[in-house]
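Observations on the three-dimensional arrangement
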Amino acid sequence: MAATTVLESLHPTAPRQADAAAVASLRSVTKHYGNQVALDHLSLDLHRGEIVALLGPNGAGKTTAVRLMLGLITPTSGSVHVLGGDPRDHKVRANIGAMLQVARMPETLRVREYIDLFRSYYPNPLSYSQSLALGHLDEIKDRLFGDLSGGQKQRVLFALAACGDPDLLFLDEPTVGMDIDARRTLWGQIRSLAQRGKTVLLTTHYLEEADALAHRVIVLNHGKIIAEGTSEAIKRQVSGSKIRCITTLEESIVCAIPSVVNVTRDREALLITTTDAESVVRSLFQKDPSLSGLQVTSAGLDDAFLALTKSENPKAN
């Protein structure tokens, strides 16, 4: 593999020929469920050839935003446009694919039967062999869906979402249940779709996945965008650090130190995420002079996410 390909796979860059016009857009969208505000004057755009990771804690509004763009619900106020039209229009829906966690598939059909069935829903689908290749399904095409492992089912659902060759693809936790090899193989397929000009909106709790794939990251909390940009820009925005140390201090005491965002235990050590490593290290030594095994590293996307969303408890989606 060429060096440039390796670098691109590790640090995705902006799509080379993205169109200026938005493939999908929300304009000042508010969505109420009774007295609950799921989205609060939210505006966002998705562009051609772009992989966008939509992140947020449970209840941040991610599912509501996706359901609006799929035409499954309507906004309380504001506007939603997808592929130049109303997402509820059947002509628009014919160019959208979706892989949702809530999908429930009858388990008595074979994989190849599902591929044939879903291809028939679209006017210009991929070929049968191309559809199988999307999920690396050739070896399991004759098996019943109910006999597949969790990771194999995810591969089938991905192929079904993309077999219609849609221009806009929604992927909700696409690699749940997959082993590392299968996950990275699927990442390659998602990248190839973007390179063909497809737009992918990805929601995932695997922040490594967002870091590896997304040209742009959008972080929601309480129905509003609290951060947006490349993964590197999001990390810089929260210039945090991670401290690893062996200490006799209880986690609750460390959590109470100013600038500490999160504390977890890693065997005998504590892992501390902080926005001010120097002051936290000083406090740790003041409270525990016997502290040892100290390591300080730059924070990753998961640490930035925690710092951005920690301030308040999420509301229901």
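Structure shown above.
Structural notes, computed from the coordinates.

Each value, and the rule that gives it
- Residues numbered from 1 in each chain as written.
- Predicted model: local features only at pLDDT ≥ 70, side-chain atom pairs only at ≥ 80, totals over all residues.
- Heavy atoms only, no water.
- Helix = DSSP H or I, 4+ residues; strand = E, 2+ residues; numbered from the N terminus.
- Contact = heavy atoms within 4.5 Å.
- Salt bridge = Lys/Arg side-chain N within 4 Å of Asp/Glu carboxyl O.
- Buried < 20%, exposed > 50% of the residue type's maximum accessible area, 1.4 Å probe, protein only.
- Pairing = 2+ DSSP bridges.
- Axes fitted to C-alpha atoms, helices over the stretch in contact; angles between N-to-C directions.
- Patch = residues over 30% accessible without salt bridge, like charges linked within 9 Å, V, L, I, M, F, W, Y side chains within 5 Å.
- Areas by Shrake-Rupley, 256 points an atom, 1.4 Å probe, with all protein chains shown as cover.
- Polar contact = N/O pair within 3.5 Å; in protein donor to acceptor, adjacent residues only side chain to side chain.
- 1 Å grid on protein atoms, 1.4 Å probe; cavity = no way out; pocket = protein on both sides within 12 Å on 5 of 7 lines; lining within 4 Å.
- Points joined across faces, edges and corners; volume = space filled by probe spheres on them.
- Nonpolar A, V, L, I, M, F, W, Y, C, P; charged D, E, K, R; others polar.

All right, on to the overall build of the protein chain then. Secondary structure assignment for the protein chain yields twelve helices and 13 strands. Considering only intrachain contacts with a sequence separation of at least 6, the fraction spanning at least 24 residues in the protein chain is 68%.

A few words on the pattern of salt bridges. Applying the stated criterion across every chain yields a total of 16 salt bridges. Salt-bridge contacts for Asp165 lead to Lys198; the nearest nitrogen and oxygen are separated by 3.2 Å. Of the two residues, Asp165 sits in the loop between helix H6 (150-162) and strand E6 (168-172) while Lys198 sits in the loop between helix H7 (180-195) and strand E7 (199-203), which places them 33 residues apart along the sequence. Given the relative accessible area of 8%, Lys198 is considered buried. As a salt-bridge pair, Lys198 and Asp167 come within 3.4 Å of each other at their nearest N and O atoms. Highlighted residues: Lys198 in the loop between H7 and E7 and Asp167 in the loop between H6 and E6, separated in sequence by 31 residues.

Bringing the sheet that holds E6 into the picture now. Ordered in space as E5-E6-E7-E3-E8-E9, the six strands form an open sheet in which the pairing is mixed. At either margin of the open sheet sits one strand with a lone partner, and together these are strand E5 (96-99) and strand E9 (224-229). Strand after strand, the sheet turns through a mean of 15° between neighbouring axes, direction not considered. H6 rests against E5 and E6 of the sheet, and its axis sits at about 165° to E5. Packed on one face of the sheet, helix H12 (residues 301-309) meets strand E3 (51-55), strand E8 (216-221) and E9 and runs near 30° to E8.

Together, Phe285, Leu294 and Val296 give the surface a local cluster of nonpolar side chains, amounting to about 230 Å² of exposed area. Position of Leu294 among the secondary structure elements: in strand E13 (residues 292-298).

Moving on to the pairing of strand E11 (residues 260-266). As paired strands, E11 and strand E12 (residues 269-274) are joined by six bridges and run antiparallel to one another. The partner of Val260 across the bridge, within E12, is Thr274. Taking the residues that link successive antiparallel strands as the turn, the E11-E12 hairpin has two residues, and the phi of Arg267 there is positive, at about 55°.

Let us now look at the side chain of Glu173. Along the chain, Glu173 falls in the loop between E6 and H7. Separated by 2.4 Å, the side chains of Glu173 and His205 make a polar contact. With residues near it in sequence (within four places) discarded, Glu173 still touches Gln101, Gln154, Thr203, Thr204 and His205.

For the structure on display, the rule yields one cavity of 30 Å³ or more. Of the pockets and cavities examined, the largest cavity occupies roughly 50 Å³. Surrounding the largest cavity, Ala162, Asp165, Pro166, Leu169, Leu193, Arg196, Lys198 and Val200 form its lining. Looking at side-chain class alone, the lining of the largest cavity contains five nonpolar, no polar and three charged residues.

Further remarks concern the sheet that holds strand E10 (residues 241-246). Read across the sheet, four strands follow the order E11-E12-E10-E13 without closing on themselves; strand pairing throughout is antiparallel. Each end of this open sheet is capped by a strand with a single partner; those strands are E11 and E13. Shown here is a sheet whose adjacent strand axes are inclined to one another by a mean of 15°, direction ignored. Two strands pair when backbone bridges link them, and E10 and E12 are joined in this way by five bridges, in the antiparallel orientation. Residue pairing in the sheet places Lys242 in a bridge with Thr273 of E12. Contacts from helix H11 (residues 277-287) reach E10, E11, E12 and E13 within the one sheet, and its direction differs from that of E10 by about 15°. Taken strand by strand, H12 contacts E10, E11 and E12, and its axis lies near 130° from that of E11.

Attention now moves to unusual backbone geometry. Residue Ser28 is not a glycine yet carries a positive backbone phi of 45°. Tracing the sequence through the fold places Ser28 in strand E1 (residues 22-33). With a phi angle near 55°, His222 is a residue other than glycine that sits in the positive phi range. Structurally, His222 is set in the loop between E8 and E9.

The next thing to look at is the side chain of Lys153. The topology assignment puts Lys153 in helix H6. In this view, Lys153 contacts Glu107, Phe145, Gly146 and Leu148; residues no more than four positions away in its chain are not counted.

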